[in-house]
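Inside the fold
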Amino acid sequence: MKLSRIGAGVAVALTGALALAGCSGGGSESADGSVSMTLWHNSSTGPGQEFWKKTVADFEAANPGVTIEIQALQNEELDGKLQTALNSGDAPDLFLQRGGGKMAAMVEAGQIKDLTGLLSDTATGEIPQTTFDSASIIDDKVYSMPVAVLPGGIFYSQDLFDAAGIEGTPETIADLESDVEALKATGVAPIALGGKDAWPAAHWYYFFALRACSADAMAQADAEKNFDDPCWLEAAENLEDFAATEPYNQGFLSTAAQQGAGSSAGLLANHQAAMELMGAWNPGVISSLTPDQAPLADLAWFPFPAVSGGDGEPGAILGGIDGYSCSVDAPDACVDFLNYLATADVQVEYYKAFAAPPVNTVAQESVTESYLQQIIEAYNEAPFVSQWLDTVYGQNVGNALNVAVVDLLAGQSGPQDLVDAVNAAAAKG
């Protein structure tokens, strides 16, 4: 049972026009009752794209007169393009919702539809209320439909651990550092990191902060937009110390996260690296990058290790809950589609396509992979859950945080510089 969380609730207390031309939104309802809508998602893999095509086609077949145009955007481009579309008044009707401060800004600007009282009995009965509390609710109103629980942790290759003589999984950072040295001796990169995309590098700081900071300190930083609590500096210092052990793949600062065999996910998929810290969407990405584009047979998972001396609760976990929102002027059929996404059958298909834990508890019974079962168990038993910090603290602070972590790992700044950069971004609102 989760005792406390940071997410959408505490948050309140894209490229240029030419690039957007092919991704324009703006649903419509004609005089004959037919409805057209647009959907933006971030799936770059074949199974994920096929899921959306089939789901939309099935919904259209069950709802004559409704058509949905699908647009797939690269994950790293989605937030910027979506913000541009929302601000221009040409938003898609349906779009991926990350929650937190990003959703709070959309609510404040009046850009997304209030779903309160519009959710189906299936959605409210088979998706835990705590999931809605974490990612969908602001000021007691619902603004998104959750579709997947995506906690973070370290994915690893059991075969490479075995080859290095590693028994079990690390429980502390000191254990992880020992495993890093054992893996180096075998000639593989201990940890894959897609530093080129910034956010995967920032995940390391997020988890060190989760171990260093209490839940109150993290909530206070959000409420006051101030990161002066000593725990934030402690987390940066801990990350700097860990990075000094050189655990990451060679050239990690120019390595992409998810695009191609040379990405961080690709390195793990092809046994060129032993570990990657990532959210629970990673198995699907890894599967798309193995030589036969099949699930990595020896893939396993463990939670981020404990760090001595911090105020974070043992077992606390970071991760997002992917959801979908309707733009404020979207047709009523948009809400119908969100309710369709919440059904157990569609949720099972989502799990199969993305190899990610579904939010529907009935659909969760179909999960067979041991690592996904571990992830669901760790999430359900965590005493504290936070969304990704760049989501919690909003786009401006989040972008500054991500860039500052990369600068730290590149040796271009120090721990205090990181905290100063984030405080400066927070001060600008």
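Throughout this description, residue numbers start from 1 for each chain and increase along the sequence as written. Restriction of local features to residues with pLDDT of at least 70 applies here, the model being predicted, together with a cutoff of 80 or more for giving and counting side-chain atom pairs; totals for whole chains, interfaces and linings are based on all residues. By convention in this description, side-chain values take in all heavy atoms of the structure and omit both hydrogens and water.

1. Notes on the overall build of the protein
- In this text, helices come from DSSP runs of H or I with a minimum length of four residues, and strands from runs of E with a minimum of two, each type numbered from the N-terminal end. When you go through the protein residue by residue, the secondary structure sums to 21 helices and 13 strands.
- The globule rule is 2.2 Å times the number of residues to the power 0.38, and the radius of gyration it is compared with is taken over C-alpha atoms. Relative to its length of 429 residues, the protein is compact, with a C-alpha radius of gyration of 21 Å against a globular reference of 22 Å.
- For the protein, the C-alpha atoms occupy an extent of roughly 70 × 50 × 45 Å along the three principal directions.
- For the exposure calls, accessible area comes from a 1.4 Å probe over protein chains only, and a residue counts as buried if that area is under 20% of its type's maximum, exposed if over 50%, partly exposed in between. Scored against the burial criterion, the 429 residues of the protein give a buried share of 57%.
- Throughout, the Shrake-Rupley method with a 1.4 Å probe supplies accessible areas, and for residues the shown protein chains are the sole cover considered. Counting every atom, the protein has about 16600 Å² of accessible surface; 48% of that belongs to carbon and sulfur.
- Measuring between centres, the 15 positive side-chain charges of the protein sit 5 Å from its 56 negative side-chain charges. Positive charge is attributed to Lys and Arg, negative charge to Asp and Glu, and no charge count is given to His or to the chain ends. Charge placement uses NZ in Lys and CZ in Arg. For Asp and Glu, CG and CD serve respectively.

2. Thoughts on the pairing of strand 5 (residues 94–97)
- Relative to strand 5, strand 3 (residues 35–41) runs parallel, the two being bridged by two bridges. Looking across to strand 5, one finds that Trp40 is bridged to Phe95.
- Pairing geometry for strand 5 and strand 12 (residues 317–326), over four bridges, is antiparallel. Along strand 12, the bridge assignment pairs Leu96 with Tyr324. Two strands are said to pair when DSSP picks up at least two bridges between them.

3. Observations regarding the environment of Ala164
- On the secondary structure map, Ala164 appears in the loop between helix 8 (158–163) and helix 9 (173–184).
- Judged by its relative accessible area of 17%, Ala164 falls in the buried class.
- For the pair Ala164 and Val107, spaced 57 residues apart in sequence, the C-alpha to C-alpha distance is 50 Å.
- Only heavy atoms matter for contacts: two residues are in contact if any of them lie within 4.5 Å across the pair. Those residues within four positions of Ala164 in sequence are excluded, and the remaining contacts are Ala182, Leu183 and Thr186.

4. Points about a negative patch on the surface
- A contiguous patch of negative charge on the surface is contributed by Asp228, Asp229, Asp311, Asp417 and Asp420.
- For Asp229, a relative accessible area of 32% puts it in the partly exposed group. A patch is a set of surface residues, each over 30% in relative accessible area and not in a salt bridge, joined within 9 Å for like charges and within 5 Å for the nonpolar side chains Val, Leu, Ile, Met, Phe, Trp and Tyr. By definition, a salt bridge exists where a carboxyl oxygen of Asp or Glu is found within 4 Å of a side-chain nitrogen of Lys or Arg.

5. Description of the packing of helix 20 (residues 394–409) against helix 21 (residues 415–427)
- The contact between helix 20 and helix 21 brings their axes to 8 Å, and the two run at 165 degrees. One way to sum up the angle between helix 20 and helix 21 is to call them roughly antiparallel. With respect to the hand of their crossing, helix 20 and helix 21 are arranged in right-handed fashion. Between helix 20 and helix 21, the residues in contact are Asn396, Val397, Ala400, Leu401, Ala404, Val405 and Leu408 and Pro415, Leu418, Ala421, Val422, Ala425 and Ala426, respectively.
- Gly is put with the polar residues, along with every residue not named as nonpolar or charged; the nonpolar set is Ala, Val, Leu, Ile, Met, Phe, Trp, Tyr, Cys and Pro, and the charged set is Asp, Glu, Lys and Arg. Among the residues forming the contact of helix 20 with helix 21, the class breakdown is 12 nonpolar, one polar and no charged. To define axes, lines are fitted to C-alpha atoms, for helices over the stretch in contact only, and angles between the resulting N-to-C directions are given on a 0 to 180 degree scale. Each angle receives one of four descriptions, namely roughly parallel if under 35 degrees, roughly antiparallel if over 145, roughly perpendicular if within 65 to 115, and oblique otherwise. Helix crossings get a hand from a simple test, with the near helix turned counterclockwise from the far one by less than a right angle marking a left-handed crossing and a clockwise turn marking a right-handed one.

6. Let's talk about the pattern of salt bridges
- Counting across every chain of the model gives seven salt bridges.
- Here Glu50 makes a salt bridge to Lys53, at a shortest N to O gap of 3.6 Å. Residue Glu50 and its partner Lys53 are located together in helix 3 (residues 46–62), separated by three residues, close to a single helical turn.
- Of the charged contacts in the structure, one is a salt bridge between Asp222 and Lys225, with a shortest N-O distance of 3.3 Å.
- Judged by its relative accessible area of 2%, Asp222 falls in the buried class.

7. Overview of helix 20
- Taking 1.5 Å of rise per residue, 16 residues should cover 22 Å, and helix 20 covers 22 Å from first to last C-alpha, within 8% of that figure.
- Backbone geometry just after helix 20 places Gly411 at a positive phi near 80 degrees. Working rule for helices: expected span equals 1.5 Å times residues minus one.

8. So, the packing of aromatic side chains
- When the centres of two rings from Phe, Tyr and Trp lie within 6.5 Å, Trp using its six-membered ring, the rings pair. Their planes under 30 degrees apart give stacked, over 60 give edge-to-face, and anything left gives tilted. By the definition in use, this model includes 25 aromatic pairs.
- Measuring from centroid to centroid gives 5.3 Å for Phe51 and Tyr350, while their planes differ by 90 degrees, and the two rings are edge-to-face. Of this pair, Phe51 sits in helix 3 while Tyr350 sits in helix 16 (residues 344–354), and the two are 299 residues apart along the sequence. Residue Phe51 shares its accessibility class with Tyr350, and that shared class is buried.

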